[in-house]
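Examination of the molecular architecture
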Amino acid sequence: MTENTFANPGPLGLFGFGITTILLSLHNAGITELSMVILAVAVCLGGFAQVIAGIFEMKIANTFGATAFTSFGFFWISLAMIWLLPTIGPVKAMDPISVGFYLLIFGCFTSLMFISSLKHAKILQLLFGVVSVLFFLLAAGDFTGITLLQTIGGYLGIFLGAAAMYACVGQIINEDWEKEIFKL
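**Brief notes about the overall build of the protein**
Within the protein, the regular secondary structure consists of six helices and zero strands. The C-alpha atoms of the protein give 17 Å as radius of gyration, which agrees with the globular expectation for 184 residues (16 Å, within 12%). Counting only C-alpha atoms, the protein reaches 55 × 35 × 30 Å along its principal axes. Going through the 184 residues of the protein one by one, you find that 42% of them count as buried. Within the protein, counting contacts between residues at least 6 apart in sequence, those at least 24 apart form 66% of the total. Accessible surface for the protein amounts to roughly 9900 Å². Of this, 73% is attributable to carbon and sulfur atoms.

Here's what the structure looks like:
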């Protein structure tokens, strides 16, 4: 019987996270409008691609990657539903306090994942540290109504998304060249 082998699912999950984070953060920074582009990317790449990556991380027995990608994938799908559901039925639209708690809870979860990331590559430590700060910053913006916090979060999110894209490409190039070209 031959053993199944799988490609590294990490770059797919990092790409989905990176592109979705950049696009939403462009909106949070006040550079773009919240549009169907962000909604579609949040569902397809932020959501489905990360969930698929998380499932394949399970297959290769990587609990950290499986939990991170699957939970963040469903975060993006649920965020898209928060935006979309009030437009298709009798569901009350989101309010800043509810969104603040949503972001706060994800910030707490991400902070705990950051502790686990300390046993992983430096780039993952950076990603989980920055996304923790980002969630708390955006939650504080929703709780207080201080739009400057959302704007700062937008620029921090653009950096975060770019770092995730770096990690995505770095993993692919390092694996293809079988040496460390990108520091991760």
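**Let's talk about the pattern of salt bridges**
Following the criterion strictly, the structure yields one salt bridge and no others. Between Glu 180 and Lys 183 there is a salt bridge, with its nearest N and O atoms 3.1 Å apart. The exposure class assigned to Lys 183 is exposed, which follows from its relative accessible area of 61%.

**Here we look at the environment of Ile 55**
Mapped onto the elements, Ile 55 comes out in helix α2 (residues 36-59). For Ile 55, a relative accessible area of 46% gives the class partly exposed.

**A closer look at the packing of helix α1 (residues 10-28) against helix α6 (residues 147-177)**
The interhelical angle for the contact between α1 and α6, taken along N-to-C directions, is 160°, at an axis separation of 7 Å. As summarised for this structure, α1 and α6 are arranged roughly antiparallel, according to the angle between their axes. For α1 against α6, the interelement crossing comes out left-handed. When the residues that make up the contact of α1 with α6 are grouped by side-chain class, the tally is 15 nonpolar, 12 polar and no charged.

**Description of the environment of Gly 47**
The residue Gly 47 is located in helix α2 in this model. Separated by 31 residues in sequence, Gly 47 and Ser 78 place their C-alpha atoms 8.6 Å apart. If we ignore the near neighbours within four places in the chain, the residues touching Gly 47 are Ala 42, Gly 73, Trp 76 and Ile 77.

**A look at unusual backbone geometry**
Here Ala 61, not a glycine, exhibits a phi torsion of approximately 65°, which is positive. By the element assignment, Ala 61 lies in the loop between α2 and α3 (63-88). Here Ala 61 falls in the exposed class, since its relative accessible area comes to 67%. Despite not being glycine, Glu 178 has its phi angle at roughly 55°, a positive value.

**Let's talk about helix α4 (residues 96-117)**
Compared with the 32 Å implied by 1.5 Å per residue over 22 residues, the 30 Å span of α4 between its first and last C-alpha is a close match. Val 99, Gly 100, Tyr 102, Leu 103, Phe 106, Gly 107, Thr 110, Met 113 and Ser 117 are the residues of α4 that are buried. Relative to the axis of α4, the buried residues are bounded by an arc of 155° and lie together on one face. Those residues of α4 that are exposed and angled more than 90 degrees off the buried face are Ile 105, Leu 112 and Ile 115. The elements touched by buried residues of α4 are α3 and α5 (122-144).

**Some points on a nonpolar patch on the surface**
There is a patch of nonpolar side chains on the surface, built from Phe 6, Leu 12, Phe 48, Ile 52, Ile 55, Phe 56, Met 58 and Ile 60 and spanning about 720 Å² of accessible area. Looking at the nonpolar patch, the element that brings in the most residues is α2, giving five residues. Within the fold, Leu 12 resides in helix α1. Overall, Leu 12 belongs to the partly exposed group, its relative accessible area being 37%.

Here is what the cut-offs are and how they apply
- Residues numbered from 1 in each chain as written.
- Predicted model: local features only at pLDDT ≥ 70, side-chain atom pairs only at ≥ 80, totals over all residues.
- Heavy atoms only, no water.
- Helix = DSSP H or I, 4+ residues; strand = E, 2+ residues; numbered from the N terminus.
- Rg over C-alpha atoms; globule rule 2.2 N^0.38 Å.
- Buried < 20%, exposed > 50% of the residue type's maximum accessible area, 1.4 Å probe, protein only.
- Contact = heavy atoms within 4.5 Å.
- Areas by Shrake-Rupley, 256 points an atom, 1.4 Å probe, with all protein chains shown as cover.
- Salt bridge = Lys/Arg side-chain N within 4 Å of Asp/Glu carboxyl O.
- Axes fitted to C-alpha atoms, helices over the stretch in contact; angles between N-to-C directions.
- Parallel < 35°, antiparallel > 145°, perpendicular 65-115°, else oblique.
- Left-handed = near helix turned anticlockwise from the far one by under 90°.
- Nonpolar A, V, L, I, M, F, W, Y, C, P; charged D, E, K, R; others polar.
- Expected span 1.5 Å × (residues − 1).
- Arc of directions from axis to C-beta.
- Patch = residues over 30% accessible without salt bridge, like charges linked within 9 Å, V, L, I, M, F, W, Y side chains within 5 Å.

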